[in-house]
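A closer look at the structure
Chain by chain, the residues run as shown.
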Amino acid sequence: MERPRIAGPDSGLGGNWMVIVENDNNNTFEHVAQTLARVVPGVSIEQGHRFADTIHNSGRAVVWTGPRETAELYWEQLKQAGLTMAPLEQH
C-alpha cells in the first residue's frame, strides 16, 4: 500500500517510525529470532530470541525505529517472512 510521503528522510519532519512485531500462534520462537536477525541490521540471533520473549510475554515488541522509508522496507520483509506485524507507528 502506497502512503503519501509527508517528508523526506533528511527533512527532519519525518520523525522516527517504529516497526512492531505482534504475538501470534503461527510462528515459533526460532523462526521469529532467525527472521529478525536476517532482516534487521544489528540484530543477532540472541537479540532475536530476546525480542521473541518480549513478543510472547507482552504481546508485541518494537524491533526497529528509524526513518519511514527504511521502516517500511523492514516491515514488508518481516511480513513476507510470515511475522504478524502491527501498522507502522510514528514515535
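Anyway, here's the lowdown on the structure attached to this text.

Thresholds applied
- Residues numbered from 1 in each chain as written.
- Predicted model: local features only at pLDDT ≥ 70, side-chain atom pairs only at ≥ 80, totals over all residues.
- Heavy atoms only, no water.
- Helix = DSSP H or I, 4+ residues; strand = E, 2+ residues; numbered from the N terminus.
- Contact = heavy atoms within 4.5 Å.
- Areas by Shrake-Rupley, 256 points an atom, 1.4 Å probe, with all protein chains shown as cover.
- Polar contact = N/O pair within 3.5 Å; in protein donor to acceptor, adjacent residues only side chain to side chain.
- Salt bridge = Lys/Arg side-chain N within 4 Å of Asp/Glu carboxyl O.

Another aspect to go through is the overall build of the chain. The secondary structure content of the chain amounts to 3 helices and 4 strands. In sequence order, the secondary structure elements of the chain are arranged as β-α-α-β-α-β-β. Once local pairs closer than 6 in sequence are excluded, the contacts in the chain between residues at least 24 apart make up 72%. Surface exposure of the chain reaches about 5,600 Å², of which carbon and sulfur atoms provide 49%.

Turning our attention to the side chain of Asn27. With respect to the helices, strands and loops of the structure, Asn27 is situated in the loop between strand S1 (17–22) and helix H1 (29–39). Of the polar contacts made by the side chain of Asn27, one reaches the side chain of Asp24; its length is 2.9 Å. Not counting residues up to four positions away in its chain, the partners in contact with Asn27 are Val32, Gly82, Leu83 and Thr84.

In this structure, Ala61 sits in strand S2 (residues 60–66). Measuring from C-alpha to C-alpha, the distance between Ala61 and Phe51 comes to 6.5 Å, with 10 residues separating the pair along the chain. Filtering out sequence-adjacent residues up to four positions away, Ala61 remains in contact with Val19, Ile20, Val21, Phe51, Thr54 and Ile55.

Scanning the entire structure with this criterion turns up 3 salt bridges. For the salt bridge of Arg60 with Glu89, the shortest nitrogen-to-oxygen distance reads 3.2 Å. Remark: Glu89 occurs in strand S4 (residues 89–90) and Arg60 occurs in strand S2; sequence separation between them is 29 residues. Residue Arg68 pairs with Glu72 through a salt bridge whose shortest N-O separation is 3.0 Å. Of this pair, Arg68 and Glu72 both sit in helix H3 (residues 68–80), 4 residues apart, roughly one helical turn. Connected through shared salt-bridge partners, Glu22, Arg60 and Glu89 make up one network.

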